[in-house]
Amino acid sequence: NRNQTATSLCTAAAPPAPALAAFLVVQVKMARDNAADDLTALTRIVAANAAGPLAFRDAEAASLTLEALRARGDIERARLTDTRGADFAVVNFVPSPYSPPANAPGEHPPLRVNGARVVVDLPVIHMGETLGRLEIVSNLRGPLLNFVVLLGVSAITSGSELLGIA
(Lines give C-alpha, C1' and ligand atoms only; values in the text may rest on other atoms or scores of the structure.)
Protein backbone atom coordinates (compact mmCIF):
# COMPACT_ATOMS: atom_id res chain seq x y z
CA ASN A 1 0.00 0.00 0.00
CA ARG A 2 2.83 2.39 0.92
CA ASN A 3 4.73 1.46 -2.25
CA GLN A 4 1.67 2.14 -4.38
CA THR A 5 1.28 5.57 -2.79
CA ALA A 6 4.94 6.41 -3.38
CA THR A 7 4.72 5.21 -6.99
CA SER A 8 1.56 7.25 -7.54
CA LEU A 9 3.16 10.38 -6.09
CA CYS A 10 6.32 9.98 -8.20
CA THR A 11 4.24 9.35 -11.31
CA ALA A 12 2.15 12.44 -10.61
CA ALA A 13 5.20 14.61 -9.86
CA ALA A 14 7.28 13.59 -12.90
CA PRO A 15 5.34 15.37 -15.69
CA PRO A 16 5.40 18.85 -14.06
CA ALA A 17 9.16 18.64 -13.35
CA PRO A 18 10.32 19.80 -16.85
CA ALA A 19 7.76 22.60 -16.77
CA LEU A 20 9.04 23.69 -13.37
CA ALA A 21 12.62 23.66 -14.64
CA ALA A 22 11.65 25.73 -17.70
CA PHE A 23 9.74 28.15 -15.45
CA LEU A 24 12.81 28.52 -13.23
CA VAL A 25 15.09 29.27 -16.21
CA VAL A 26 12.66 31.87 -17.59
CA GLN A 27 12.25 33.53 -14.19
CA VAL A 28 16.01 33.76 -13.63
CA LYS A 29 16.49 35.27 -17.10
CA MET A 30 13.72 37.80 -16.43
CA ALA A 31 15.29 38.70 -13.08
CA ARG A 32 18.67 39.21 -14.76
CA ASP A 33 17.12 41.35 -17.50
CA ASN A 34 15.29 43.48 -14.92
CA ALA A 35 18.52 43.92 -12.95
CA ALA A 36 20.32 44.96 -16.16
CA ASP A 37 17.59 47.55 -16.86
CA ASP A 38 17.92 48.91 -13.30
CA LEU A 39 21.71 49.10 -13.64
CA THR A 40 21.38 50.95 -16.96
CA ALA A 41 19.06 53.52 -15.36
CA LEU A 42 21.46 53.93 -12.43
CA THR A 43 24.38 54.38 -14.82
CA ARG A 44 22.49 57.16 -16.63
CA ILE A 45 21.89 58.96 -13.33
CA VAL A 46 25.51 58.64 -12.18
CA ALA A 47 26.77 59.71 -15.64
CA ALA A 48 24.69 62.89 -15.39
CA ASN A 49 26.17 63.56 -11.93
CA ALA A 50 29.70 62.89 -13.21
CA ALA A 51 29.45 65.52 -15.98
CA GLY A 52 30.46 68.38 -13.66
CA PRO A 53 33.58 66.72 -12.28
CA LEU A 54 34.64 65.71 -15.80
CA ALA A 55 34.01 69.19 -17.20
CA PHE A 56 36.07 70.82 -14.43
CA ARG A 57 38.71 68.03 -14.40
CA ASP A 58 38.02 67.37 -10.70
CA ALA A 59 39.09 63.75 -10.19
CA GLU A 60 38.39 63.86 -6.44
CA ALA A 61 34.76 64.93 -6.99
CA ALA A 62 34.44 62.26 -9.70
CA SER A 63 35.67 59.59 -7.28
CA LEU A 64 33.18 60.77 -4.66
CA THR A 65 30.39 60.55 -7.23
CA LEU A 66 31.37 56.97 -8.07
CA GLU A 67 31.83 56.10 -4.39
CA ALA A 68 28.07 56.57 -3.89
CA LEU A 69 27.62 53.29 -5.78
CA ARG A 70 29.08 51.40 -2.80
CA ALA A 71 25.54 51.21 -1.38
CA ARG A 72 24.71 48.66 -4.07
CA GLY A 73 26.27 45.36 -3.01
CA ASP A 74 26.28 43.94 -6.54
CA ILE A 75 28.53 46.59 -8.10
CA GLU A 76 32.18 45.55 -8.39
CA ARG A 77 33.67 48.54 -10.17
CA ALA A 78 32.85 51.96 -11.58
CA ARG A 79 35.16 53.61 -14.08
CA LEU A 80 34.98 57.09 -15.54
CA THR A 81 37.11 57.83 -18.60
CA ASP A 82 37.84 61.07 -20.43
CA THR A 83 37.29 61.68 -24.15
CA ARG A 84 40.61 60.01 -24.98
CA GLY A 85 39.57 56.86 -23.11
CA ALA A 86 42.06 57.39 -20.30
CA ASP A 87 40.93 56.54 -16.77
CA PHE A 88 39.75 59.67 -14.96
CA ALA A 89 38.34 58.05 -11.82
CA VAL A 90 38.11 54.36 -10.93
CA VAL A 91 36.52 52.90 -7.81
CA ASN A 92 36.85 49.18 -7.09
CA PHE A 93 34.38 47.78 -4.59
CA VAL A 94 35.83 44.24 -4.47
CA PRO A 95 39.48 43.25 -3.94
CA SER A 96 39.90 41.62 -7.34
CA PRO A 97 37.42 43.24 -9.72
CA TYR A 98 36.30 41.66 -12.96
CA SER A 99 37.78 43.34 -16.00
CA PRO A 100 35.42 43.08 -18.93
CA PRO A 101 36.95 42.17 -22.27
CA ALA A 102 38.25 45.23 -24.10
CA ASN A 103 36.08 46.73 -26.80
CA ALA A 104 37.30 47.15 -30.33
CA PRO A 105 38.58 50.72 -30.90
CA GLY A 106 35.63 53.09 -31.12
CA GLU A 107 33.16 50.37 -30.10
CA HIS A 108 31.14 50.89 -26.92
CA PRO A 109 28.14 48.56 -26.63
CA PRO A 110 25.96 50.09 -23.91
CA LEU A 111 25.12 46.76 -22.28
CA ARG A 112 27.08 43.50 -22.11
CA VAL A 113 25.88 40.46 -20.20
CA ASN A 114 28.30 37.63 -19.46
CA GLY A 115 26.63 35.06 -17.24
CA ALA A 116 25.85 36.79 -13.95
CA ARG A 117 28.02 39.82 -14.79
CA VAL A 118 26.49 42.90 -16.36
CA VAL A 119 28.58 45.74 -17.77
CA VAL A 120 26.93 49.06 -18.62
CA ASP A 121 29.04 51.53 -20.62
CA LEU A 122 27.41 54.89 -21.42
CA PRO A 123 28.65 58.29 -22.56
CA VAL A 124 28.78 61.21 -20.13
CA ILE A 125 27.11 64.07 -21.98
CA HIS A 126 26.66 67.68 -20.90
CA MET A 127 24.84 70.19 -23.08
CA GLY A 128 25.27 67.99 -26.14
CA GLU A 129 29.01 67.50 -25.66
CA THR A 130 30.45 64.09 -24.81
CA LEU A 131 32.85 64.55 -21.90
CA GLY A 132 33.77 60.90 -21.39
CA ARG A 133 32.28 57.50 -20.57
CA LEU A 134 31.04 55.74 -17.46
CA GLU A 135 31.39 51.98 -17.11
CA ILE A 136 29.78 50.09 -14.23
CA VAL A 137 30.43 46.37 -13.66
CA SER A 138 27.89 44.44 -11.59
CA ASN A 139 27.95 40.85 -10.42
CA LEU A 140 24.38 39.59 -10.10
CA ARG A 141 25.38 36.13 -8.86
CA GLY A 142 24.30 36.89 -5.27
CA PRO A 143 20.90 38.43 -6.08
CA LEU A 144 20.17 35.74 -8.70
CA LEU A 145 21.18 32.97 -6.31
CA ASN A 146 18.87 34.40 -3.65
CA PHE A 147 16.07 34.46 -6.23
CA VAL A 148 16.70 30.81 -7.23
CA VAL A 149 16.73 29.74 -3.57
CA LEU A 150 13.43 31.53 -2.98
CA LEU A 151 11.88 29.80 -6.00
CA GLY A 152 13.25 26.44 -4.85
CA VAL A 153 11.86 26.87 -1.34
CA SER A 154 8.48 27.79 -2.85
CA ALA A 155 8.54 24.68 -5.05
CA ILE A 156 9.50 22.42 -2.12
CA THR A 157 6.81 23.95 0.07
CA SER A 158 4.21 23.45 -2.65
CA GLY A 159 5.38 19.88 -3.22
CA SER A 160 5.27 19.01 0.47
CA GLU A 161 1.76 20.46 0.69
CA LEU A 162 0.72 18.19 -2.18
CA LEU A 163 2.28 15.21 -0.43
CA GLY A 164 0.43 16.10 2.76
CA ILE A 165 -2.85 16.22 0.85
CA ALA A 166 -2.25 12.80 -0.72
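Look above for the structure.
Values in this document were obtained by computation on a predicted structure and should not be read as measured data.

A.B. asks: Explain the overall build of the chain to me, please; I cannot follow it from the model alone.
C.D. replies: For the chain, the helix and strand inventory stands at four helices and five strands. Of the regular secondary structure in the chain, the N- to C-terminal order runs α-α-α-β-β-β-β-β-α. Here the chain holds 166 residues, and 31% of them are scored as buried. Considering only contacts in the chain between residues 6 or more positions apart, those separated by 24 or more positions represent 54%. Per element, the accessible surface of the chain, about 10200 Å² overall, is 62% carbon and sulfur.

A.B. asks: How should I be thinking about the pairing of strand S4 (residues 117–126) in this particular structure?
C.D. replies: Side-chain positions along a regular strand alternate between the two faces of the sheet. Within S4, seven of the 10 residues are buried, which leaves the element mostly enclosed by the surrounding structure. Bridge count for strand S3 (residues 111–114) against S4 is four bridges, and the pairing is antiparallel. Paired with Leu-111 across the strands is Val-120, a residue of S4. Two successive antiparallel strands, S3 and S4, enclose a turn made up of two residues, where Gly-115 displays a positive phi of approximately 65°. As paired elements, S4 and strand S5 (residues 129–139) share 10 bridges and run antiparallel to each other. Within the sheet, the bridge partner assigned to Val-124 lies in S5 and is Gly-132. Hairpin geometry of S4 and S5 is characterised by an intervening segment of two residues between the two adjacent antiparallel strands and by a positive phi of about 50° at Met-127.

A.B. asks: Which parts of the structure should I look at to understand the nonpolar core?
C.D. replies: A general trend in soluble globular proteins is that nonpolar side chains are found buried together. Grouped together as the largest cluster of nonpolar side chains are 26 residues, with contacts concentrated most on Leu-66, Leu-69, Leu-80, Val-124, Leu-134 and Ile-136. Secondary structure elements with two or more residues in this core: helix H2 (16–55), helix H3 (59–67), strand S1 (75–82), strand S2 (87–92), S4 and S5. Considering every element that reaches this core, the biggest residue donor is H2, with eight residues. Once you skip the residues sitting within four places of it in the chain, Leu-134 turns out to touch Thr-43, Val-46, Ala-47, Leu-66, Arg-79, Leu-80, Val-120, Asp-121, Leu-122 and Val-124.

A.B. asks: Help me understand the pattern of salt bridges in this model?
C.D. replies: Oppositely charged side chains may form a pair once their charged atoms are brought near each other. Scanning the model with the defined rule gives 10 salt bridges in all. A salt bridge links Arg-77 to Glu-135; the shortest N-O distance between them is 2.5 Å. Pair noted here: Arg-77 is in strand S1 and Glu-135 is in strand S5, with a separation of 58 residues, a long-range link. Residue Arg-77 is classed as buried on the basis of its relative accessible area of 10%. We note a salt bridge from Arg-112 to Glu-135, for which the minimum N-O separation is 3.4 Å. Within this pair, whereas Arg-112 is found in strand S3, its partner Glu-135 is found in strand S5, the two being separated by 23 residues in sequence. Its relative accessible area of 5% is what places Glu-135 among the buried residues. One salt-bridge network, in which partners are shared between bridges, spans Arg-77, Arg-79, Asp-87, Arg-112 and Glu-135.

Criteria and thresholds
- Residues numbered from 1 in each chain as written.
- Predicted model: local features only at pLDDT ≥ 70, side-chain atom pairs only at ≥ 80, totals over all residues.
- Heavy atoms only, no water.
- Helix = DSSP H or I, 4+ residues; strand = E, 2+ residues; numbered from the N terminus.
- Buried < 20%, exposed > 50% of the residue type's maximum accessible area, 1.4 Å probe, protein only.
- Contact = heavy atoms within 4.5 Å.
- Areas by Shrake-Rupley, 256 points an atom, 1.4 Å probe, with all protein chains shown as cover.
- Pairing = 2+ DSSP bridges.
- Core = buried A, V, L, I, M, F, W, Y, C linked by side-chain atoms within 4.5 Å.
- Salt bridge = Lys/Arg side-chain N within 4 Å of Asp/Glu carboxyl O.

Honestly, that's just the spatial picture; any functional story needs more than this.
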